[in-house]
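A structural walkthrough
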Amino acid sequence: MGFVVTGAVVAAVVHSYLWWRLVRGTTRPGGRMRRVLTWCLIVLGVLVPLSMGLQRLIAGSWPAWPGYMWIAIMFYLAVYLVLLEIPRAVAGLVLRRGVQTVAAVPAPAVPATVGAATTATAATAATAATAPTAPTAPAAPVAPPEPPTRADGMDRRLFLGRTAAAVAGVGALATVGYGMRSALGDPVIERVAVTLPKLDPRMDGLRFAVVSDIHIGPLTGRAHTERIVRMINELEADVVAIVGDMVDGTVAELGSQARPLRSLESRYGAYFVTGNHEYYTPNGATEWIEEVRDLGVRPLQNERVEIAHGGAVLDLAGVNDLGGAAQGQGPDFAAALGGRDTARPAVLLAHQPRQIAEAARHGIDLQLSGHTHGGQMVPFNLVVPLQQPVVRGLATVDGTPIYVTRGAGYWGPPVRVGAPPEITMLSVHAPR
């Protein structure tokens, strides 16, 4: 509930800014166009909390698409308009100085005429000299110069406002179009090699297909899952790791879309840990834990398994997401990692990168995470570090390696800018 309220407040602030720049700044007061655009912005604004907070009520129906698409367009309109504030201010200053310069130029002197006109002027002057002096009327105040007006009557304010609105509109639509193509296209295969000091040389080259944040939901469809499964199977991995946020809804709503997971192929099995979104579903994460088990994917609920390969053994552990704590299903590192043989390496599946701090204290050798989407839509990647220690890729935190995948799906708008969807082929290697 708090998330929806926060989202509604943020949306209200952004829409107020959009009205100021796109409606007030481009139309004349009291005009019909201003009223029409104001109501359009109000209707679009209502779609934001409707899409974010009530998505299960509109899953699969037409309001989901315009609502989510407007969220993306709204966001990039605001980004471009903010970026244009400085050029807009500079252009306004230049135009104002141009007006002042024109107003400061003195009017040309009117040359005196000769002949009769000169005689008439002299006579008039003589008459004026002999006439009694009348009181002099005060000079009329000089009106400030009018702003430059185009032939069609559009003044400087409207010209600047409409130009900025046009640039922002084209930029936002182009960016969102590019982002949709990225989000709805095939995930990128990222190949990563990690050296584990404790790894037995007989396990050198063991391959993990890592996928996270599939986000099966109201906009994805079954084809989304089928494509991810097909691409994972083409990697011929030894282990498949699904690192949370697989779904955004109940089994009754989305079970058919998850069914292709039954076709996952790997030498030593497919494993799953919960993400925060599994705990957001109305029926909780338990029904999905049982569903993935029925699909042949083993859930790791604060537990570990042994992966035997080439005569050597590696511990593969998994912990619940932090979001499960409110439901009594939070992460338990002691249960997942306690009592193991610390001479052999341990790889941990944990949805959120910030779980690395606790994992490092338990001596793991590598953590595989998701959750961040790599930022999903630039410049959100600049905000993620406020909560998570790693946004994407391979890093070291507290002396422990962690790989954070960008995820194979999307949440909210079907848009990815600067963070294409990803499936990771990660291989582990012994020291040379």
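Read on for a plain summary of the structure. (Residues numbered from 1 in each chain as written. Predicted model: local features only at pLDDT ≥ 70, side-chain atom pairs only at ≥ 80, totals over all residues. Heavy atoms only, no water.)

1. Some words on the pattern of salt bridges
To keep it simple, the criterion reads: Salt bridge, as used here, is a side-chain nitrogen of Lys or Arg placed within 4 Å of a carboxyl oxygen of Asp or Glu. The cut-offs for exposure are 20% and 50% of the maximum accessible area for each residue type, with area from a 1.4 Å probe on protein chains only; residues under the lower value are buried, those over the upper are exposed, and the others partly exposed. For helices the rule is a DSSP run of H or I covering at least 4 residues; for strands it is a run of E covering at least 2, with both sets numbered from the N terminus onward.
Under the counting rule described, the total for this entry stands at 16 salt bridges. A salt bridge links Asp-200 to Arg-202; the shortest N-O distance between them is 2.9 Å. The partly exposed category is assigned to Asp-200, whose relative accessible area is 24%. The class for Arg-202 is partly exposed, based on a relative accessible area of 48%. With a shortest N-O distance of 3.6 Å, Glu-290 and Arg-293 are connected by a salt bridge. Remark: Arg-293 and Glu-290 occur in helix α9 (residues 286-294); sequence separation between them is three residues, near one turn of the helix. What makes Arg-293 partly exposed here is its relative accessible area of 39%. The network of salt bridges with common partners includes Glu-306, Asp-315, Arg-340 and Arg-344.

2. Looking at the packing of helix α8 (residues 251-258) against α9
Condition: Lines fitted to the C-alpha atoms define the axes, with helices restricted to the stretch that makes contact. Angles between their N-to-C directions range from 0 to 180 degrees. Relative orientations are named as follows: roughly parallel for angles under 35 degrees, roughly antiparallel for angles over 145 degrees, roughly perpendicular for angles from 65 to 115 degrees, and oblique for any other angle. A clockwise turn of the near helix away from the far one marks a right-handed crossing, whereas an anticlockwise turn of less than a right angle marks a left-handed crossing. Contacts between residues were defined by any pair of non-hydrogen atoms, one from each residue, lying within 4.5 Å. Any residue that is not Ala, Val, Leu, Ile, Met, Phe, Trp, Tyr, Cys, Pro, Asp, Glu, Lys or Arg is counted as polar, Gly included; the first ten are nonpolar and the last four charged.
Contact pair α8 / α9: the axes reach a minimum separation of 12 Å and the direction vectors enclose 25 degrees. The angle between α8 and α9 places the two elements in the roughly parallel class. The crossing of α8 and α9 is right-handed. Between α8, through Val-251, Leu-254, Gly-255 and Ala-258, and α9, the contact on the second element is made entirely by Glu-287, Trp-288 and Glu-291. Classifying every residue of the contact of α8 with α9 gives four nonpolar, one polar and two charged.

3. Quick word on the sheet that holds strand β3 (residues 239-243)
Counted only if it meets this: Following DSSP output, two strands are said to pair if at least two bridges run between them.
Pairing is mixed in the open sheet, where six strands are placed in the order β1-β12-β2-β3-β4-β5. In this open sheet, the two strands that pair with only one neighbour each are β1 (188-195) and β5 (298-299). Examined bridge by bridge, strand β2 (residues 206-211) and strand β12 (residues 422-429) share five bridges and lie antiparallel to one another. The residue bridging Val-210 from the neighbouring strand is Thr-424, located in β12.

4. Some details on the pairing of β2
Side-chain direction in a regular strand flips from residue to residue, so the side chains alternate between the two faces of the sheet. The criterion, for reference: Throughout, right-handed denotes a crossover for which the path from the first strand over the helix to the second runs clockwise when the strands point away from the viewer.
Along β2, five of the six residues are buried, which leaves the element largely enclosed by surrounding structure. Of the strand pairs in this sheet, β2 and β3 are connected by four bridges, and their pairing is parallel. Across the sheet, the residue bridging to Ala-209 is Val-240, located in β3. In the classification by handedness, the crossover that spans β2, the intervening helix α7 (residues 222-235) and the parallel β3 is right-handed.

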